[in-house]
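Here's the letter readout for the chains.
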Amino acid sequence: LAKTTQPISMDSYEGQEVNITCSHNNIATNDYITWYQQFPSQGPRFIIQGYKTKVTNEVASLFIPADRKSSTLSLPRVSLSDTAVYYCLHNTDKLIFGTGTRLQVFP
Amino acid sequence: DARVTQTPRDKVTEMGQEVTMRCQPILGHNTVFWYRQTMMQGLELLAYFRNRAPLDDSGMPKDRFSAEMPDATLATLKIQPSEPRDSAVYFCASGLVSGIGAGELFFGEGSRLTVL
């Protein structure tokens, strides 16, 4: 079973950088690490995926250390609209969601 | 703009009734997932299909739930008979899974089920 551990919640302020770390000690060699975002009353939305080192897209960066037992999602300069639940997953095939991190961004 | 379409958006029914939820995945996607979300349990994977074949339905209560893909444009999740504990939001998601990670899944807006 793909088990991940994340902080239950985090608070931040607009304009700050937010880093959410996830541990996945039992990650398999072929597993990729994927992050999703979910707003209330909506389905999750893909943010970013990576296998090792660093991946960056227009929304976020994903940092993965060499042992791959953890990963950090970095959101630069958050805004109020980034308030959501963020899920970390590792997978080769089926996606199992954990409890996620509830990020609250304040003005 | 391609999207996953789910119907119904909202369903209120009485205990013991049959409920069928439908999902139209994005054209060209080869994998379809069904999830259930509640406040207590979070997002639970119920079942998923690859090229219309069921790969895993271990998350689904077998006695009352069934999932099928009669064709590439339709996935169904049926509950018979429904119980109050089935009240949840049911999400369908589709993706093009190539073996290099599951890639990006696209989720529908969900079907909110209330069983009285």
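Residues numbered from 1 in each chain as written. Chains lettered and ligands numbered in written order. Predicted model: local features only at pLDDT ≥ 70, side-chain atom pairs only at ≥ 80, totals over all residues. Heavy atoms only, no water.

Enquirer: Lay out the interface of chain B and chain A in plain terms, naming residues and giving numbers.
Expert: Taken together, the contact pairs 22 residues of chain B with 17 residues of chain A. Contact between chain B and chain A buries roughly 1,500 Å² in total, counting both sides, with carbon and sulfur atoms accounting for 51%. Inspection of the region where chain B meets chain A yields 0 salt bridges. Summed over the shared surface of chain B and chain A, the number is 4 residue pairs in polar contact (both at pLDDT 80 or more). (Contact = heavy atoms within 4.5 Å. Buried area = accessible area lost by both parts, 1.4 Å probe. Salt bridge = Lys/Arg side-chain N within 4 Å of Asp/Glu carboxyl O. Polar contact = N/O pair within 3.5 Å; in protein donor to acceptor, adjacent residues only side chain to side chain.)

Enquirer: Requested: an account of the packing of aromatic side chains, with residues and values cited.
Expert: In the structure shown here, the tally under the stated rule is 12 aromatic pairs over all chains. Measuring from centroid to centroid gives 5.0 Å for phenylalanine 33 of chain B and tyrosine 48 of chain B, while their planes differ by 5 degrees, and the two rings are stacked. Residue phenylalanine 33 of chain B is found in strand β4 (residues 31-38), and its partner tyrosine 48 of chain B is found in strand β5 (residues 42-50); the two are separated by 15 residues along the sequence. Residue phenylalanine 33 of chain B shares its accessibility class with tyrosine 48 of chain B, and that shared class is buried. Through a chain of ring-to-ring contacts, three or more aromatic side chains come together here, namely Tyr36, Phe46, Tyr87 and Phe97 of chain A together with Phe33, Tyr35, Tyr48, Phe91 and Phe107 of chain B. In this structure, arginine 68 of chain A is placed above the aromatic ring of tyrosine 51 of chain A, and the distance from its NZ or CZ to the ring centre is 3.9 Å. (Phe/Tyr/Trp six-rings, centres within 6.5 Å; stacked < 30°, edge-to-face > 60°. Helix = DSSP H or I, 4+ residues; strand = E, 2+ residues; numbered from the N terminus. Buried < 20%, exposed > 50% of the residue type's maximum accessible area, 1.4 Å probe, protein only. Lys NZ or Arg CZ within 6 Å of the ring centre and 35° of its normal.)

Enquirer: Mind laying out the side chain of glutamine 6 of chain A, listing which residues take part and the relevant values?
Expert: All names here are of chain A. With respect to the secondary-structure elements, glutamine 6 resides in the segment before β1 (9-13). A polar side-chain atom of glutamine 6 sits 2.9 Å from the main-chain amide nitrogen of cysteine 88. If we ignore the near neighbours within four places in the chain, the residues touching glutamine 6 are Ile20, Thr21, Cys22, Trp35, Tyr86, Tyr87, Cys88, Gly100 and Thr101.

Enquirer: If you had to explain the state of the cysteines to someone new, which residues and values would you point to?
Expert: For the coordinates displayed, the defined rule picks out 2 disulfides over all chains. Across the disulfide, cysteine 22 of chain A is cross-linked to cysteine 88 of chain A (sulfur-sulfur distance 2.1 Å). The sign of the S-S torsion, about -70 degrees, decides the handedness of the disulfide formed by cysteine 22 of chain A and cysteine 88 of chain A: left-handed. Taken together, the residues cysteine 22 of chain A in strand β2 (residues 18-23) and cysteine 88 of chain A in strand β8 (residues 84-91) connect sequence positions 66 residues apart. There is no split in this pair, since cysteine 22 of chain A and cysteine 88 of chain A are both buried. Disulfide pairing is shown between cysteine 23 of chain B and cysteine 92 of chain B; the S-S distance is 1.9 Å. (Disulfide = S-S within 2.5 Å.)

Enquirer: Tell me about the environment of arginine 77 of chain A, residues and numbers included.
Expert: Residues and elements named next belong to chain A. Turning to its location among the elements, arginine 77 is positioned in the loop between β7 (70-75) and β8. Residue arginine 77 is classed as exposed on the basis of its relative accessible area of 65%. Spatially, the C-alpha atom of arginine 77 lies 17 Å from that of arginine 102, the residues being 25 residues apart in sequence. Excluding its chain neighbours within four sequence positions, the residues that come into contact with arginine 77 are Gly15, Gln16, Glu17 and Asp82.

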